[in-house]
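Single-letter residue listing:
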Amino acid sequence: MKQGKFIVLEGVEGAGKTSQCKRLAAALEAKGIDAVLTREPGGVPLAERLRALILDTEYTPDALTELYMYMAARREHLNKIILPALAAGKTVICDRFTYSTVAYQGYGRGVDIEFIRALNAETVKAAKVDIALFLDVPPAVGFARKGGADCGDRMESGGIAFFERIYDGFKAMCAAGELVAIDATVGEQAVAESILKAVEGVL
Ligand code: Z5A
């Protein structure tokens, strides 16, 4: 069985990742490609439970505790969904992945970036990302789309300076060639077309 393709969409809040993951899955299905749509943190029951705990404002984990929770969710997700789907020849579309950890816990929270990269590498070493796209929308635009930050979500209560650092982190990964930037400030249909064009290069 030929290994499936692994596609990741990244971006700040309100960049349109969730909408575009769904559009991409539908576009690939229309081409006869079996696509699995999933997300981080989450995708499988244990990781979804970790997600609820991570985002819960009741808890105040420090940056390292938060990092380990994202990693634990990732490992479970990888083992239960991503690797089996890829091995079965399916194309996996994942809403956020390792790049978010570098951006949020590294650039955002200040955890050592090389340490995060080492943890990411050890956690996901069996999975190779074929293309990772950054939906480029500045944080202020993303939050405006959503009608403001969701104060019921612990991550979103970080303030605009936190999200500016995260955005800068994603841009640095684009400059390093780890992420492919897509202008996502334009209409949804135009963004979807740019994404499909980029993805067709790896199918
Ligand atoms: N996180 C982390 O810190 N470390 C990690 O390792 C990982 C994650 C994996 C949960 O992620 C949190 O986890 C997140 C990062 C952190 N924290 N924060 N803050 P999430 O992906 O579930 O949460 P999110 O980024 O907040 O998702 P979101 O707000 O739902 O954004 P989105 O998926 O990018 O956007 P959307 O839902 O598709 O669209 C938002 C709205 O914009 C909606 O009304 C759309 O109709 C509209 N929209 C979409 N596209 C457009 C365009 N092109 N024009 C105009 N309007 C649009």
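Parameters at a glance
- Residues numbered from 1 in each chain as written.
- Predicted model: local features only at pLDDT ≥ 70, side-chain atom pairs only at ≥ 80, totals over all residues.
- Heavy atoms only, no water.
- Phe/Tyr/Trp six-rings, centres within 6.5 Å; stacked < 30°, edge-to-face > 60°.
- Helix = DSSP H or I, 4+ residues; strand = E, 2+ residues; numbered from the N terminus.
- Buried < 20%, exposed > 50% of the residue type's maximum accessible area, 1.4 Å probe, protein only.
- Pairing = 2+ DSSP bridges.
- Near = heavy atom within 4 Å.
- Polar contact = N/O pair within 3.5 Å; in protein donor to acceptor, adjacent residues only side chain to side chain.
- Areas by Shrake-Rupley, 256 points an atom, 1.4 Å probe, with all protein chains shown as cover.
- Nonpolar A, V, L, I, M, F, W, Y, C, P; charged D, E, K, R; others polar.
- Salt bridge = Lys/Arg side-chain N within 4 Å of Asp/Glu carboxyl O.
- Axes fitted to C-alpha atoms, helices over the stretch in contact; angles between N-to-C directions.
- Contact = heavy atoms within 4.5 Å.

Before going further, it helps to examine the packing of aromatic side chains. For the structure on display, the rule yields 8 aromatic pairs. Plain terms: the ring middles of Tyr104 and Phe163 are 6.4 Å apart, the flat faces sit at 80 degrees to each other, and that makes the pair edge-to-face. On the criterion of sequence distance, the pair formed by Tyr104 in helix α4 (residues 98-108) and Phe163 in helix α7 (residues 160-175) is long-range, its members being 59 residues apart. For Tyr104, a relative accessible area of 5% gives the class buried.

Here the focus is the pairing of strand β4 (residues 131-136). Buried residues dominate β4, accounting for 6 of its 6 residues. In β4, alternate side chains face the same way, and those of Ile131, Leu133 and Leu135 on one face and Ala132, Phe134 and Asp136 on the other are all buried. With 4 bridges connecting them, strand β1 (residues 6-10) and β4 associate as parallel partners. Bridge assignment links Ile7 to a residue of β4, and that residue is Ile131.

Around the ligand sit 27 residues, and of these Glu13, Thr18, Ser19, Arg51 and Arg96 come closest. Within the backbone of Ala15, a nitrogen or oxygen atom sits 3.2 Å from an oxygen atom of the ligand. At a separation of 2.6 Å, an oxygen atom of the ligand approaches a polar side-chain atom of Lys17. Protein chains shield 82% of the accessible area of the ligand, which is 1100 Å² for the free molecule. Among the secondary structure elements, those contributing two or more residues to the shell around the ligand are α1 (17-30), α3 (63-87) and α4. In terms of residue count, α4 provides more of the shell around the ligand than any other element does, 4 residues in total. Of the residues contributing to the shell around the ligand, the split by class is 9 nonpolar, 8 polar and 10 charged.

What follows is about the pattern of salt bridges. Inspection of the entire model under this criterion finds 12 salt bridges. A salt bridge links Glu13 to Arg96; its shortest N-O distance comes to 3.3 Å. Of this pair, Glu13 sits in the loop between β1 and α1 while Arg96 sits in the loop between β3 (91-95) and α4, and the two are 83 residues apart along the sequence. Assigned by exposure class, Glu13 and Arg96 land together as buried. Close ionic contact of Lys31 with Glu200 constitutes a salt bridge, the shortest N to O distance being 2.8 Å. With Lys31 in the loop between α1 and β2 (35-39) and Glu200 in helix α8 (residues 188-200), this pair connects stretches of sequence that are 169 residues apart.

One open sheet holds the 5 strands; their spatial order is β2-β3-β1-β4-β5, and the pairing between them is parallel. Each edge of the sheet is formed by a strand with only one pairing partner; in this case those strands are β2 and β5 (180-183). Taken over all neighbouring pairs, the strand axes of this sheet differ in orientation by 25 degrees on average, direction set aside. Here β1 pairs with β3 via 4 bridges, running parallel. The residue of β3 that forms the bridge with Phe6 is Val92. Set on the sheet, α3 makes contact with β1, β2 and β3; between it and β2 the angle comes to about 160 degrees. Taken strand by strand, α8 contacts β1, β4 and β5, and its axis lies near 160 degrees from that of β4.

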